[in-house]
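Read off the chains here:
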Amino acid sequence: PVSPERLRHRGPVRVLIADDHQVVREGLRMILSEERETIEIVGEATDGHEVLRLAERLRPDVVLMDLLMPGLDGIAATERLRAEGGGARVLILTTYADDERVRDAIRAGATGYLLKDVLRAQLVQAIHAAALGVPTLDPRAQPVHRPDELPAGRAVASPARRAAGAGGPRAARAGGGRGDRLRG
């Protein structure tokens, strides 16, 4: 994990939430509102087209992006955001951990990839890391890459770390109880 000192941002991280499920958006807003000193929710989108419109107008630091949304999906929206150069970093938040989706997200320019049952503390840390361009990949969603497939600055988890599942003992100590996990 990245040290908290390294994750200092110039002010609250401006976050745009993108998910087609209202209950997920509301849950994320509720969880992240507890971090109001360091995270500001600037908007919510229900599909990739809305993400692009809102990102241009609201200028978020981080887009918390679902993969599967109607119209323009999270991968295509990530590619377009990165191509348009608005500066927003994309942190994928999904239920899918298969190699193909992880690779597609990384190739599209996502800064991070988390599963929706992530611990609250890990989500907050990943948002701060993404705002600074520091990659975060959920250990359960790290595909096996050849070194030449990875974008610059991306690290591949060791087989031991991948085998540790949800972050191993350190994540268990840092997280808390079952209520700290996001479901969706």
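Cut-offs applied
Residues numbered from 1 in each chain as written. Predicted model: local features only at pLDDT ≥ 70, side-chain atom pairs only at ≥ 80, totals over all residues. Heavy atoms only, no water. Phe/Tyr/Trp six-rings, centres within 6.5 Å; stacked < 30°, edge-to-face > 60°. Lys NZ or Arg CZ within 6 Å of the ring centre and 35° of its normal. Buried < 20%, exposed > 50% of the residue type's maximum accessible area, 1.4 Å probe, protein only. Helix = DSSP H or I, 4+ residues; strand = E, 2+ residues; numbered from the N terminus. Pairing = 2+ DSSP bridges. Right-handed = clockwise from strand over helix to strand, strands pointing away. Core = buried A, V, L, I, M, F, W, Y, C linked by side-chain atoms within 4.5 Å. Axes fitted to C-alpha atoms, helices over the stretch in contact; angles between N-to-C directions. Parallel < 35°, antiparallel > 145°, perpendicular 65-115°, else oblique. Left-handed = near helix turned anticlockwise from the far one by under 90°. Contact = heavy atoms within 4.5 Å. Nonpolar A, V, L, I, M, F, W, Y, C, P; charged D, E, K, R; others polar. pLDDT = per-residue confidence, 0-100.

### Remarks on the packing of aromatic side chains
Link 1 in the chain: Counted under the stated rule, the structure contains 0 aromatic pairs.
Link 2 in the chain: Above the plane of the ring of Y96 lies R101, whose end atom (NZ or CZ) is 3.9 Å from the centre.

### Digging into the pairing of strand β1 (residues 13–18)
Link 1 in the chain: A large share of β1 lies buried, amounting to 5 of its 6 residues.
Link 2 in the chain: By the bridge criterion, 6 bridges tie β1 to strand β2 (residues 39–45) in an arrangement that is parallel. Across the sheet, the residue bridging to A18 is A45, located in β2.
Link 3 in the chain: In this fold, β1 hands off to helix α1 (residues 22–33), which returns the chain to β2; that crossover is right-handed.
Link 4 in the chain: Where β1 and strand β3 (residues 62–65) come together, 4 bridges link them in parallel fashion. By the bridge assignment, V15 is partnered in β3 with V62.

### Remarks on the nonpolar core
Link 1 in the chain: With 29 residues, the main nonpolar core has V51, V63, M65, L81, I92 and Y113 as its most contacted residues.
Link 2 in the chain: Of all elements in the fold, only β1, β2, α2 (48–58), β3, α3 (74–84), β4 (89–94), α4 (99–108) and β5 (112–115) reach the threshold of two or more residues within this core.
Link 3 in the chain: Looking at this core element by element, the count peaks at 5 residues for α2.
Link 4 in the chain: By size, the runner-up hydrophobic cluster in this structure holds 19 residues, among which are V24, V118, V124 and A130.

### Re the packing of α2 against α3
Link 1 in the chain: Put simply, α2 and α3 touch, their axes get as near as 9 Å, and they point 25 degrees apart. Taken together, the axis directions place α2 and α3 in an arrangement best described as roughly parallel. Crossing angle aside, the handedness with which α2 passes α3 is right-handed. Between α2 and α3, the residues in contact are G48, V51, L52 and A55 and A77, R80, L81 and E84, respectively.
Link 2 in the chain: For the contact of α2 with α3, the per-class residue count stands at 5 nonpolar, 1 polar and 2 charged.

### Examining the confidence of the model for the protein
Link 1 in the chain: Looking at the protein as a whole, the pLDDT averages 80, with 72% of positions reaching at least 70.
Link 2 in the chain: Predicted confidence for residues 153–184 stays below pLDDT 50, and this span has 52 contacts to residues more than four positions away or in other chains.

### Let's talk about the packing of α1 against helix α5 (residues 120–131)
Link 1 in the chain: With their axes 11 Å apart at the nearest point, α1 and α5 run at an angle of 85 degrees to one another. Between α1 and α5, the angle falls in the class roughly perpendicular. Across the interface between the two elements, L28, I31 and L32 of α1 pack against R120, L123, V124 and I127 of α5.
Link 2 in the chain: The class makeup of the residues in the contact of α1 with α5 is 6 nonpolar, no polar and 1 charged.

### Quick look at the sheet that holds β5
The strands making up a sheet associate through backbone hydrogen bonding, with each pair oriented either parallel or antiparallel.
Link 1 in the chain: Spatially, the 6 strands line up as an open sheet ordered β2-β1-β3-β4-β5-β6, and their pairing is parallel. The outermost strands of the open sheet, each flanked by one partner alone, are β2 and β6 (136–137).
Link 2 in the chain: α5 rests against β1, β2, β3, β4, β5 and β6 of the sheet, and its axis sits at about 155 degrees to β4.

### Some points on unusual backbone geometry
Link 1 in the chain: Positive phi values are uncommon outside glycine, yet R59 reaches one of about 50 degrees.
Link 2 in the chain: Secondary-structure assignment places R59 in the loop between α2 and β3.

### Digging into the pairing of β4
Link 1 in the chain: Of all 6 residues in β4, 5 are buried; the element is thus mostly enclosed.
Link 2 in the chain: The pairing of β3 with β4 spans 4 bridges and is classified as parallel. The residue of β4 that forms the bridge with V63 is V90.
Link 3 in the chain: In the classification by handedness, the crossover that spans β3, the intervening α3 and the parallel β4 is right-handed.
Link 4 in the chain: Taken together, the 4 bridges between β4 and β5 define a ladder with parallel strand orientation. Bridge assignment links L93 to a residue of β5, and that residue is L114.
Link 5 in the chain: For the crossover that starts at β4, traverses α4 and ends in the parallel β5, the hand is right-handed.

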